[in-house]
Amino acid sequence: MAMTRKQQRGALIGAGLGALGLAAGLVLYALSDTITFFYTPTDVVEKGVQPGTRFRLGGLVEDGSIVRGQGKTVSFKVTDTAGTLPVTYVGILPDLFREGQGVIAEGILDAGGSFKADTVLAKHDENYMPREVADALKEKGVWKPGDEAAKEGTQ
């Protein structure tokens, strides 16, 4: 039995939507390995992040924690005031990187519980803190009064 023109059109549209859905699914699956999640030091402990997992660590650079090692190696601690995680970074830090400021480091957690960063991002002016860090600090209840500009993620 032959299909009518209307049935052929419906079948063609259905096949096109199916192919589009399959393509979208394959793209999302392929990108799932490159997605990096954002965690605070407390989240790393609470969620049991496994060593070798790639993620972004955000919080404040703990006062008195910056130690410059050999060459371009720098160690510091990131805190959300409830938890702290040691970070090691080899490279040149942003000019405005300093203690007590918001920071996001991207890298992996090593087996010893230290974070090995390959990218470090710091705030770029007095009134800015990365939105993810500001929201996470507010959620933890450690938001400082007067940080309204940072809360909005504005400059």
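So, a few notes on the structure that sits alongside this text. Computed from a prediction, not measured in an experiment: that's the story for all the values here.

1. Describing the environment of Asp63
At step 1: Residue placement: Asp63 occurs in the loop between β2 (54–61) and β3 (67–68).
At step 2: Looking at Asp63, the relative accessible area reads 57%, which means it is exposed.
At step 3: Along the chain, Asp63 and Arg98 lie 35 residues apart, while their C-alpha atoms are 8.6 Å from each other.
At step 4: A polar side-chain atom of Asp63 sits 3.4 Å from the main-chain amide nitrogen of Gly100.

2. A word on the pattern of salt bridges
At step 1: One pass over the structure, following the stated rule, counts 3 salt bridges.
At step 2: Notably, a salt bridge pairs Arg54 with Glu106, separated by 3.2 Å at the nearest N-O pair. Here Arg54, found in strand β2, pairs with Glu106, found in strand β6 (residues 102–109); they are 52 residues apart in sequence, far enough to count as distant.
At step 3: A salt bridge links Asp118 to Arg54; its shortest N-O distance comes to 2.9 Å.

3. Details of the pairing of strand β7 (residues 115–122)
At step 1: Both strand β5 (residues 84–90) and β7 contribute to a ladder of 3 bridges, which runs parallel. Counterpart to Thr88 in the pairing with β7 is Lys116.
At step 2: Of the strand pairs in this sheet, β6 and β7 are connected by 7 bridges, and their pairing is antiparallel. Bridging from a neighbouring strand, Val103 pairs with Ala122 of β7.
At step 3: Connecting β6 to the antiparallel partner β7 that follows it, the hairpin turn spans 5 residues, and Gly113 within it adopts a positive phi of roughly 90°.

4. Points about the packing of aromatic side chains
At step 1: Counted according to the given criterion, the structure contains 3 aromatic pairs.
At step 2: Relative to Phe55, the ring of Tyr39 lies with its centre 5.4 Å away and its plane at 75°, an arrangement referred to as edge-to-face. Highlighted residues: Tyr39 in strand β1 (residues 37–39) and Phe55 in strand β2, separated in sequence by 16 residues.
At step 3: Tyr39 sits in the buried class, given a relative accessible area of 15%.
At step 4: Exposure remark for Phe55: the relative accessible area of 0% places this residue in the buried category.
At step 5: Taking 4.9 Å as the distance between ring centres and 55° as the angle between the ring planes, the aromatic pair formed by Phe55 and Phe115 counts as tilted. You can see Phe55 sitting in strand β2 and its partner Phe115 sitting in strand β7, a full 60 residues away along the chain.

Parameters and conventions
- Residues numbered from 1 in each chain as written.
- Predicted model: local features only at pLDDT ≥ 70, side-chain atom pairs only at ≥ 80, totals over all residues.
- Heavy atoms only, no water.
- Helix = DSSP H or I, 4+ residues; strand = E, 2+ residues; numbered from the N terminus.
- Buried < 20%, exposed > 50% of the residue type's maximum accessible area, 1.4 Å probe, protein only.
- Polar contact = N/O pair within 3.5 Å; in protein donor to acceptor, adjacent residues only side chain to side chain.
- Salt bridge = Lys/Arg side-chain N within 4 Å of Asp/Glu carboxyl O.
- Pairing = 2+ DSSP bridges.
- Phe/Tyr/Trp six-rings, centres within 6.5 Å; stacked < 30°, edge-to-face > 60°.

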